[in-house]
Amino acid sequence: ASVTGGTARTPLRDLRATVRDAGGRQRTLRLACLPILTPEGGIDRFRGAVTDITDEVEAKARAEFLSLHDPLTGLPNRLMFAERLAEVVAVARVEARSSAALYLDLDKFKEVNDTLGHPIGDRLLCDVTARLRALVRSTDMAARLGGDEFAILLSGCGGVDEAEAFCRRALAAIAEPFDLEGQAVHVNASIGVAVLPADADEADLAMRCADLALYQAKSEGRGTFRFYAPAMNSELQRRRDTERELRRALEAQELELHFQPKCRADTAELAGFEALVRWRHPERGLVMPGGFIDVAERTGLILPIGEWVLEEACMAAARWPGYPVSVNLSPVQLRSPRLITTVRRALDRSGLEPSRLELEITESFLVHDLEGARGVLLEMKALGIRLAMDDFGTGYSSLSYLQSLPFDRIKIDRSFVARLGGATKAEAIVRAIVTLAHGLGIATTAEGVEDADQLRFLREIGCDELQGYLFGRAVEADAIDATISTAQERVSAGSSRPVPFAMPADPALAAG
Ligand code: C2E
Ligand code: CA
Ligand code: CA
């Protein structure tokens, strides 16, 4: 430490010196002293005190480290990442050098945490950290933003190509199994990339872009990466608008439930209805579920909507003599602990016999947690409800589910029905599905039947029920009320022939 330069008689305070102690450890000393002058006015010597402030200094450094790092992995935290990103963005703007900000998110972290416990979850995060650290250069930064979210800053990278190569390496590194206390655990990651300064010339914006790209990567499938594209912004805007509007719509009771007939394949008699939700939007008119169900699922709004649909469907069906009604359940509802209570209440309030309620479930619900799914399905079966597997053939390994889960019906996806009659294998597939289902004692419904050729084929192979525009589109409950009373009048008027539902004039519909 330098002590020269102090003016005569001015006390010197807060001087610092670092020394090594006998053990070789670095220590920090604080000196405060007063110069003692010679009679001529020069400095003779100093008198003062030396304090060892090593602990204080280390504590301060530690606090600084903690405020900028994640305690579990030791990686820089969100704050430090944001600071560094701001620097890199500023440099990128001036020097026209590309950098990239990546958001990385583990696909199955919650499952690991829930099934194997938090200590193992923490281990996984540390192991992921080690693999990321091995990939980044000293000029790059890997940070943990929280939970299973990481961020990586590739500064001065060669742009898109280099960022893409990095994504591939990172995804491959994480896809390698992790050894967590003797168990081989497989996880995947998704990555969203913002290129700087092309996508964003400001740190906040860069983080938003990377986040949007990550959101896109995750929704497109697991274990993949996406670069930010401006269209993502408008897509997100649309989702936000829809969410806000949908909350309002629920309050304002703008949702409506429509019902589409299902008919027996052999006689074309009415066999029941599927309830399909619609949104009577004050400006946009009638909005189909494709325009809002995904937003409702992502925001949890599907829970109140789904409750309303169940109640409304059961009430309507209770008015109609004997016909079953089917209701679509979202995977989000199926994972909700409230589901069974909701279903039971809808049955109680309407007085509908449980056997007349059929719940349609898509395969996507089954793939994530087969055992959990089986539990929920068995509980519902215990209430006396019927279960249908919806959109059959569009998911994965469907056949194995049929054997082990209590389904009463499968609905053959309309994409197969649409391809019937062409030069495709659709006919063989549909025939195989019907045969297989019957072998297992499960009924079949074909969706999306639009013409007489499809009807003829499906009848011939023994499909049980048909649904599609050929028989009728979804209509309001009032219209169903009217149709049913006409049909009943005809039956009570003594007509011996079964009453085809929708298009009695079409000869194709007559049995034969
Ligand atoms: P889904 O369960 O496969 O429902 C059948 C869809 O096919 C309906 O579309 C229906 O209008 C349409 N469709 C029926 N017959 C034909 C036909 O002959 N040709 C063609 N091309 N299409 C036909 P919609 O009403 O737009 O419903 C779309 C999806 O929205 C449904 O697919 C279902 O997954 C979901 N959804 C509808 N209502 C609800 C609901 O209350 N809750 C939940 N969670 N999802 C619902
Ligand atoms: Ca359905
Ligand atoms: Ca379907």
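Here the structure is a predicted model, which is why all the values come from computation and not from measurement.

**Q** Sorry, what's going on with the sheet that holds strand S4 (residues 99-106) here?
**A** The strands making up a sheet associate through backbone hydrogen bonding, with each pair oriented either parallel or antiparallel. With mixed pairing, the five strands of this open sheet are ordered in space as S5-S6-S4-S9-S10. In the strand order of this sheet, the two ends are held by strand S5 (141-146) and strand S10 (225-227), each with one partner. In this sheet, adjacent strand axes meet at a mean angle of 20° when their direction is disregarded. Here S4 pairs with strand S9 (residues 189-196) via eight bridges, running antiparallel. Its bridge partner being in S9, Leu 106 is matched across the sheet by Ala 189.

**Q** Hey, could you run me through the coordination of the calcium ion (ligand 3) in this one?
**A** Reference values for coordination geometry: four tetrahedral donors around a metal ideally subtend 109.5 degrees, six octahedral donors ideally subtend 90 or 180 degrees. Here the calcium ion (ligand 3) is held by Asp 390 (OD), Asp 391 (OD), Glu 447 (OE) and Glu 447 (OE), and the distances to it run 2.0 to 2.8 Å. Written as a sequence motif, the donor arrangement for the calcium ion (ligand 3) is D-D-x55-E. Separating the calcium ion (ligand 3) from the calcium ion (ligand 2) is a gap of 3.7 Å, bridged by Asp 390, which donates to each. Residue Asp 390 is classed as buried on the basis of its relative accessible area of 6%.

**Q** Would you mind showing me how to read unusual backbone geometry here?
**A** Trans is the common state for peptide bonds, and a negative phi is the common state for residues other than glycine. The step from Leu 196 to Pro 197 runs through a cis peptide bond, and the omega angle for that step is 0°. Relative to the elements of secondary structure, Pro 197 occurs in the loop between S9 and helix H6 (203-219). Despite not being glycine, Ala 268 shows a phi value in the positive range, around 65°. Residue position: Ala 268 is located in the loop between strand S11 (255-264) and strand S12 (270-281). Accessibility expressed as a relative area gives 1% for Ala 268, which makes it buried. Of note, the phi angle at Asp 391 is positive, near 50°, even though the residue is not glycine. Within the element layout of this structure, Asp 391 appears in strand S16 (residues 386-392). Assessed through its relative accessible area of 23%, Asp 391 is described here as partly exposed.

**Q** Sorry, what's going on with helix H11 (residues 339-350) here?
**A** Taking 1.5 Å per residue as the helical rise, H11 with its twelve residues ought to reach 16 Å, and the 17 Å between its terminal C-alpha atoms agrees with that figure. Listed in full, the buried residues belonging to H11 are Leu 339, Ile 340, Thr 342, Val 343, Ala 346, Leu 347 and Ser 350. Around the axis of H11, the buried residues are gathered within 165° of arc, so they sit on the same side. Facing away from the buried side of H11, by more than 90 degrees, are the exposed residues Asp 348 and Arg 349. For H11, the secondary structure elements touched by its buried residues are helix H9 (302-319), helix H10 (331-335), strand S15 (357-362) and helix H13 (370-382). Immediately beyond the C-terminal end of H11, within one or two residues, lies Gly 351, with a positive phi of roughly 75°.

**Q** Would you mind showing me how to read the nonpolar core here?
**A** Burial of nonpolar side chains together is a common tendency in soluble globular proteins. With 79 residues, the main nonpolar core has Phe 259, Leu 357, Leu 359, Met 380 and Leu 458 as its most contacted residues. Apart from residues no more than four positions distant in its own chain, Met 380 is found in contact with Leu 329, Leu 334, Leu 339, Ile 340, Leu 359, Ile 361, Ile 385 and Leu 387. Of all hydrophobic cores here, the second largest spans 33 residues; its members include Ile 120, Val 128, Leu 154 and Ile 174.

**Q** I'm lost on the packing of H6 against helix H7 (residues 230-251) in this one. Help?
**A** When two helices pack together, their arrangement is given by the angle between their axes and by how far apart the axes lie. Orientation of H6 relative to H7, taken along the N-to-C sense of each, is 75°, at an axis distance of 10 Å. Compared by their axis directions, H6 and H7 come out roughly perpendicular. The residues of H7 that touch H6, namely those facing Leu 212, Ala 213, Tyr 215 and Gln 216, are Met 232, Asn 233, Leu 236 and Arg 239. A class-by-class count of the residues in the contact of H6 with H7 yields five nonpolar, two polar and one charged.

**Q** Help me understand the side chain of Asn 113 in this model?
**A** Tracing the backbone shows Asn 113 in helix H3 (residues 109-116). For Asn 113, a relative accessible area of 12% translates into the label buried. With residues near it in sequence (within four places) discarded, Asn 113 still touches His 118 and Gly 121.

**Q** How do you make sense of the site of ligand 1 when you look at a structure like this?
**A** Taken together, 21 residues lie around ligand 1, and Gln 260, Arg 278, Arg 414, Glu 450 and Tyr 469 are the ones closest in. Between ligand 1 and the protein, one listed contact pairs a nitrogen atom with a side-chain N or O atom of Gln 260 at 2.9 Å. The separation between an oxygen atom of ligand 1 and a polar side-chain atom of Asn 328 is 3.1 Å. In the complex, the protein chains occlude 83% of the 790 Å² of accessible area that ligand 1 would expose alone. For the shell around ligand 1, the secondary structure elements donating two or more residues are S12 and S16. In terms of residue class, the shell around ligand 1 is built from eight nonpolar, six polar and seven charged.

**Q** Help me understand the sheet that holds strand S2 (residues 26-37), please; the structure alone is not making it clear to me.
**A** Strand order in the open sheet formed by three strands is S1-S2-S3, with antiparallel pairing between adjacent strands. Of all strands in the sheet, those bounded by a partner on one side alone are strand S1 (12-20) and strand S3 (43-52). Between one strand and the next, the sheet's axes are offset by a mean angle of 35°, whatever the strand orientation. Pairing of S1 with S2, which is carried by seven bridges, proceeds in the antiparallel orientation. Across the sheet, the residue bridging to Thr 18 is Thr 28, located in S2. Sitting on the sheet, helix H1 (residues 54-68) is in contact with S1, S2 and S3, with an inclination near 125° to S2.

Cut-offs used in this document
Going along each chain's sequence as written, the residues are numbered from 1 onward. A letter from A marks each chain and a number from 1 marks each ligand, given out in the order of writing. pLDDT decides what is reported in this predicted model: residues at 70 or higher carry local features, side-chain atom pairs at 80 or more are listed and counted, and totals for whole chains, interfaces and linings draw on all residues regardless. Working from all heavy atoms in the structure, the side-chain values ignore hydrogens and water. Here the rule is simple: two strands pair whenever DSSP picks up at least two bridges between them. A helix here means a DSSP run of H or I that spans at least four residues, while a strand means a run of E at least two residues long, and both kinds are numbered starting from the N terminus. Lines fitted to C-alpha atoms define the axes here, with helix axes fitted over just the stretch in contact, and angles between the N-to-C directions of these axes take values from 0 to 180 degrees. Metal-coordinating donors are taken as N, O and S atoms lying within 2.8 Å of the metal, or within 3.2 Å when the metal is Na, K or Ca; because water is left out, some sites can appear incomplete. Exposure classes here rest on a 1.4 Å probe applied to the protein chains alone. A residue is buried below 20% of its type maximum, exposed above 50%, and partly exposed in between. Multiplying one less than the number of residues by 1.5 Å gives the expected span of a helix. To obtain the arc, one takes the directions from the helix axis to the C-beta atoms. Whether two residues touch is decided by their heavy atoms; if any such pair falls within 4.5 Å, the residues are in contact. Side-chain atoms within 4.5 Å link the members of a nonpolar core, which is a set of buried Ala, Val, Leu, Ile, Met, Phe, Trp, Tyr and Cys residues. Roughly parallel refers to an angle under 35 degrees, roughly antiparallel to one over 145, roughly perpendicular to one between 65 and 115, and oblique to any angle outside these ranges. As a working rule, the residues Ala, Val, Leu, Ile, Met, Phe, Trp, Tyr, Cys and Pro are called nonpolar, Asp, Glu, Lys and Arg charged, and the rest polar, with Gly in that last group. It suffices for a single heavy atom of a residue to lie within 4 Å of a molecule or strand for the residue to be listed as near it. Side-chain atoms alone can form a polar contact between residues adjacent in sequence; in general such a contact is a pair of N or O atoms within 3.5 Å, and within protein one must be able to donate a hydrogen while the other accepts it. Each accessible area is a Shrake-Rupley result for a 1.4 Å probe, and residues are judged covered by the shown protein chains and nothing else.

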